[in-house]
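Topology and contacts: notes
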Amino acid sequence: REPTIRAHNSTKQAEMFAATALARTAARRAATATPARLGALRAMSSETATFDLTGSFEMYKLDTAPENSIEMSKEELMQHFEMMYTMRRMEITCDNEYKAKNIRGFCHLYDGQEAVATGINAAFDPADDWITSYRCHCIALLRGGTVKEIVGELFGLTCGMSQAKGGSMHFYNKAGHFWGGAGIVGAQVPLGTGLAFANKYNAKPGEPMNVAIACYGDGAANQGQIWESANMASLWKLPMIFCIENNQYGMGTSIDRHSSHSDYYKMGNHIPGIRIDGMNVLAVKKGMEFVREFTSTGNGPMYVEMMTYRYHGHSMSDPGTTYRNREEIAFTRSTRDPLEFVKKTMIDAGFSTAEELKDIEKRIRKEVQKEVMAAKEFPKPSLDSLFTHVYAADVETKGNQEYPDHIRMPDFSKSFWKSA
C-alpha cells in the first residue's frame, strides 16, 4: 500500500488569512497565526510526492486560482532547503559581523522571509526581471551571487558583488536579471514597471512575455509612485507583478497603525490580486507559477501579498523588541518558521531524516564560514577606484569612462582634480 503522509500543520492559517488587519493588531496576527496546512496527500514514489496547499491562497477579482496541491521531488525540496538554510546562516553571520563592527552603515536582514524569495525564484524563468528593496542580500544570492561576494560587499572589499561601491542596499547582477537593491522606500516599483514595459516591447508577437517583479514591504504600499506605476501597468497591460512582502511592520509601526487598508492584495482596485502564505515555500512556488502565467500572457499586472515575518528588527540599528515583544517573535519561530516547515515536510514525506538534515546544516555552516573567511582575504579598493563608474565617456563603448573634473574629499587636501 502506498504510504499516506499526514498533514503536520493546522488549517487555521486560512482563518488568519481571512481576517483583515483592521480587525486585529499585528501582534495578534503573529500570536494567533499557524502555518498553512501542507501535508502530502499520497506518496507517488520514494522520490516524488504530492502536497496539499489548502488554505494557502486568497483571490481577488480572479475567476481562477492556483491548484491546492503541488507535486515535488525529493531533489527539489532538498535544493529549497539548502538554499534557505544558506540564506539563514549568511544573514546570521552578517548580524555577528555587524556587531563585531566588521560591517558598518545600513544593514537590513531577511531571516524569516526566506520562503518568499526562494519560492518566487523557483517559479520564475531566469530571464524574468527582479527588483526589490534594500533588504536584498538573499535575492542577490538566488540570482547568481555567492556568499563571498555578498559579505565581501558588506565588508567593503574588492571581492564585493558591487565592487565595494554598493554596500548592503545595492546589489546587482545584470546577467541574473537582478536590478537591485533600491535604497529609497518604494523607488524600485517604477523601475520594475519600466522593466515590464521593456519585456512587453521586446516580446515576439504571439509568444509569452518575460515578467518583471518589484518586491516592497507593507510600509511602502501606500506610496504615490506605486499607484502611478500600477495605473500605467494596467493601462498598457504590462507583465508586471506588484509583490508586497507583508512582514507585519513598516519599520517599527504595525500594519494596523500605518495603513487604513491592509488587505494589500486588494489595493490595485480593478487589478486582480492574490494573497499567499509566504512562510510556505511550496505555496509561494505554486502561487507564483499561477501569477507568472497570468501576467506573461497579456492579461496585465497583478498584485501579490506575501504573508511573512522578519525575525530581526527593521535594520541592525533596530532591536526589534520595542514595538513587539519577544514572546511574539518566539511564537512565530516555533509555529511558522519556513525552514522548520521544509524540514518537517521532508521528514514526513520520507525524503530525509532529522539526522541527515542536521548533517547538511553542519556542512552549510562550514561552507558559509569558509566563504566569509575567503572574503576577508581581499583588500579594500584603492582610492582611485572610487572615482570610476561616475561618468561615461560615451554610451557606445562598455567600460569607456572618464573622471569628473573634481571630486571633493572629506580631507580637502586629498581631493581629486582631473588636471592633477
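Residues numbered from 1 in each chain as written. Predicted model: local features only at pLDDT ≥ 70, side-chain atom pairs only at ≥ 80, totals over all residues. Heavy atoms only, no water.

**Here we look at the overall build of the chain**
- Helix and strand content of the chain: 13 helices and 16 strands.
- For the chain, with 420 residues in total, the buried portion stands at 54%.
- Contacts spanning at least 24 positions in sequence make up 70% of the contacts within the chain whose residues lie at least 6 apart.
- Of the roughly 19100 Å² of accessible surface on the chain, a fraction of 52% belongs to carbon and sulfur atoms. (Helix = DSSP H or I, 4+ residues; strand = E, 2+ residues; numbered from the N terminus. Buried < 20%, exposed > 50% of the residue type's maximum accessible area, 1.4 Å probe, protein only. Contact = heavy atoms within 4.5 Å. Areas by Shrake-Rupley, 256 points an atom, 1.4 Å probe, with all protein chains shown as cover.)

**Structural notes on the packing of aromatic side chains**
- In total, this model carries eight aromatic pairs according to the counting rule given.
- Measuring from centroid to centroid gives 6.3 Å for phenylalanine 412 and tryptophan 417, while their planes differ by 80°, and the two rings are edge-to-face.
- Taken together, Phe197, Tyr201 and Trp236 form an aromatic cluster joined through their ring pairs.
- One residue, arginine 333, lies across the ring of tyrosine 311, its end atom 4.0 Å from the ring centre. (Phe/Tyr/Trp six-rings, centres within 6.5 Å; stacked < 30°, edge-to-face > 60°. Lys NZ or Arg CZ within 6 Å of the ring centre and 35° of its normal.)

**Focus: the sheet that holds strand β7 (residues 212–217)**
- The seven strands are arranged β3-β11-β12-β8-β7-β5-β6 in an open sheet whose pairing can be described as mixed. Taken across any chain shown, the strands that pair with only one partner, and hence form the sheet edges, are β3 (57–60) and β6 (178–181). Averaged over all pairs of adjacent strands, the angle between their axes in this sheet comes to 15°, without regard to strand direction.
- As paired elements, strand β5 (residues 129–132) and β6 share two bridges and run parallel to each other. Bridged to tryptophan 130 within β6 is phenylalanine 178. (Pairing = 2+ DSSP bridges. Axes fitted to C-alpha atoms, helices over the stretch in contact; angles between N-to-C directions.)

**Considering unusual backbone geometry**
- Positive phi, close to 50°, is recorded for lysine 237, a residue that is not glycine.
- Here lysine 237 lies in the loop between α8 (224–235) and β8 (240–246).
- For methionine 251, which is not a glycine, the phi torsion comes out positive at approximately 55°.
- Judged by relative accessible area, methionine 251 falls into the exposed class, the value being 51%.

**What about the side chain of asparagine 247?**
- By the secondary structure assignment, asparagine 247 is in the loop between β8 and β9 (249–250).
- Classification of asparagine 247 by relative accessible area gives buried; the value is 5%.
- There is a polar contact of 3.0 Å between the side chain of asparagine 247 and the side chain of glutamine 113.
- Leave out the neighbours within four places in its chain, and asparagine 247 touches Gln113, Arg135, Asp218, Thr308, Tyr309 and Arg310. (Polar contact = N/O pair within 3.5 Å; in protein donor to acceptor, adjacent residues only side chain to side chain.)

**Brief notes about the environment of glutamate 76**
- By secondary structure assignment, the location of glutamate 76 is in helix α3 (residues 74–99).
- Using a relative accessible area of 30% as the deciding quantity, one classes glutamate 76 as partly exposed.
- Sequence-wise, glutamate 76 and threonine 48 are 28 residues apart; in three dimensions their C-alpha atoms are separated by 9.4 Å.
- Excluding residues that lie within four positions of it along the chain, glutamate 76 makes contacts with Glu71 and Lys285.
- Among the polar contacts made by the side chain of glutamate 76, one reaches the main-chain amide nitrogen of serine 73 at a distance of 3.0 Å.

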